[in-house]
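# What the coordinates show
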Number of protein chains: 2
Amino acid sequence: MVAVSALPSETPGDEVEAVVADVFARGCTSRRTMENVTGKWGVLALVALREGAYRFNALRRRVDGVSEKMLAQTLQTLERDGLVRREVLATIPARVEYTLTPLGAEIADQLFVLVELLEARVPQVVESQAHYDATHAKR
Amino acid sequence: MVAVSALPSETPGDEVEAVVADVFARGCTSRRTMENVTGKWGVLALVALREGAYRFNALRRRVDGVSEKMLAQTLQTLERDGLVRREVLATIPARVEYTLTPLGAEIADQLFVLVELLEARVPQVVESQAHYDATHAKR
């Protein structure tokens, strides 16, 4: 839980009202943003865009397995949240490019650290899964 | 993409084979683990468990809005991946407690950094959403 801003009270003695973001609260915007950002395709699109600008089809190839519909929906949500910028280039034919905004880049950097950690821990995860399956099959 | 281990070649001149984890590859274990860890309930359960051991119902109250079924499924997946430990305590009545494993703690710490960043950036996200909605409604 992070207090994201505090409104200065106009009258001395008034309580200072703080706007608080809490991902644990189901109605909080931060939780919806977290869902957009940490959804499977959200993570992959943001981390891919760290590599530079992508056109739609190139990004779709990079994010192995995503459908056209899901990628379009993911990018639209990330654009609405202010993490991704969609730019129509004045070329013939017109091209559409996607890039990270500064806010998107900040969050993508953090996701990249997480992705690298997860990739590095895959052997441990695989070992744990094998152990779990062997133990629970016997029951 | 992270090379997670390299098998030493037995014969000089053999190519060194590297086991490579790549979340962008749809078949990779790291992508499935990422989905488990970054799923909405996965993030919240892991970050909540940073606060200490939780019994099922207390954790369900902490993770506002999760159903019993979804939380049970989330915890089982995280246990199988080796991130969460499920312990049956020898009390009367028997109690079940969930804690993070060292691997789970490492990943939860990373998720916590991400959550704090997202919570802090909520005002920017809200502003961007309002701008997007105003712009796109006019079209």
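The following refers to the structure shown.

Calculation criteria
- Residues numbered from 1 in each chain as written.
- Chains lettered and ligands numbered in written order.
- Predicted model: local features only at pLDDT ≥ 70, side-chain atom pairs only at ≥ 80, totals over all residues.
- Heavy atoms only, no water.
- Pairing = 2+ DSSP bridges.
- Helix = DSSP H or I, 4+ residues; strand = E, 2+ residues; numbered from the N terminus.
- Contact = heavy atoms within 4.5 Å.
- Axes fitted to C-alpha atoms, helices over the stretch in contact; angles between N-to-C directions.
- Buried area = accessible area lost by both parts, 1.4 Å probe.
- Salt bridge = Lys/Arg side-chain N within 4 Å of Asp/Glu carboxyl O.
- Polar contact = N/O pair within 3.5 Å; in protein donor to acceptor, adjacent residues only side chain to side chain.
- Nonpolar A, V, L, I, M, F, W, Y, C, P; charged D, E, K, R; others polar.
- Core = buried A, V, L, I, M, F, W, Y, C linked by side-chain atoms within 4.5 Å.
- Buried < 20%, exposed > 50% of the residue type's maximum accessible area, 1.4 Å probe, protein only.
- Expected span 1.5 Å × (residues − 1).
- Arc of directions from axis to C-beta.
- Least-squares fit on C-alpha atoms with pLDDT ≥ 70 in both.
- Parallel < 35°, antiparallel > 145°, perpendicular 65-115°, else oblique.

Take the sheet that holds strand S4 (residues 84-89) of chain A next. Residue and element names in this part refer to chain A. Taken in spatial order, the three strands make up an open sheet running S3-S5-S4, and their pairing is antiparallel. Of all strands in the sheet, those with a lone pairing partner are strand S3 (54-55) and S4, marking the two edges. Each of S3, S4 and strand S5 (95-100) is contacted by helix H2 (residues 40-49), which is oriented at about 95° to S5, the strand it contacts most.

Next up on the list: the interface of chain A and chain B. Accessible area lost upon the coming together of the parts serves often as the stated size of an interface. The interface of chain A with chain B comprises 57 residues on the first partner and 57 residues on the second. Roughly 5,400 Å² is buried in total at the junction of chain A and chain B, and carbon and sulfur atoms are behind 64% of that figure. Taken together, chain A and chain B are joined by eight salt bridges. Here chain A and chain B share 20 residue pairs in polar contact (both at pLDDT 80 or more) between them. Of all elements in the fold, only strand S1 (2-7), helix H1 (29-38), H2, helix H4 (68-80), helix H5 (102-120) and helix H6 (122-137) of chain A reach the threshold of two or more residues within the side of chain A that touches chain B. Per element, the largest residue contribution to the side of chain A that touches chain B is 13 residues, and it comes from H5 of chain A. Considered class by class, the residues forming the side of chain A that touches chain B number 29 nonpolar, 12 polar and 16 charged.

The biggest cluster of nonpolar side chains holds 66 residues, and the ones touching the most others in it are Leu-46 and Ile-107 of chain A together with Leu-46 and Ile-107 of chain B. Not counting the four nearest positions on each side in its chain, Leu-46 of chain A is found in contact with Val-37, Leu-78, Leu-83, Val-84, Leu-100, Ala-108 and Leu-111 of chain A.

A word on helix H4 (residues 68-80) of chain B. All names here are of chain B. Given a rise of 1.5 Å per residue, 13 residues ought to cover 18 Å, and the 18 Å separating the end C-alpha atoms of H4 matches this to within 8%. Taken together, the buried positions of H4 are Leu-71, Thr-74, Leu-75, Leu-78 and Glu-79. An end-on view of H4 places all buried positions within 135° of arc, on one side of the element. Looking one or two residues past H4, Gly-82 carries a phi angle of roughly 85°, positive in sign.

What follows covers the relation of the copies chain A and chain B. Placing chain A over chain B gives an RMSD of 0.0 Å and needs a rotation angle of 180°, together with 0.0 Å of translation along the axis. Accordingly, the operation relating the two chain copies is best matched by a two-fold axis. When C-alpha positions in chain A are compared against the rotation axis, the closest is assigned to Thr-38 of chain A, at 2.6 Å. Comparing contact sets, 100% of the residues at the interface of chain A also lie at the interface in chain B, consistent with an isologous, same-surface contact.

Turning to the packing of H1 of chain A against helix H6 (residues 122-137) of chain B, a few remarks are in order. The geometry of H1 of chain A relative to H6 of chain B is characterised by a closest axis approach of 10 Å and an angle of 80° between their N-to-C directions. Judged by the inter-axis angle, H1 of chain A sits roughly perpendicular to H6 of chain B. Here Thr-29, Ser-30 and Thr-33 of chain A of H1 of chain A come into contact with H6 of chain B, specifically with Val-122, Val-125, Val-126 and Gln-129 of chain B. When its residues are assigned to classes, the contact of H1 of chain A with H6 of chain B shows three nonpolar, four polar and no charged.

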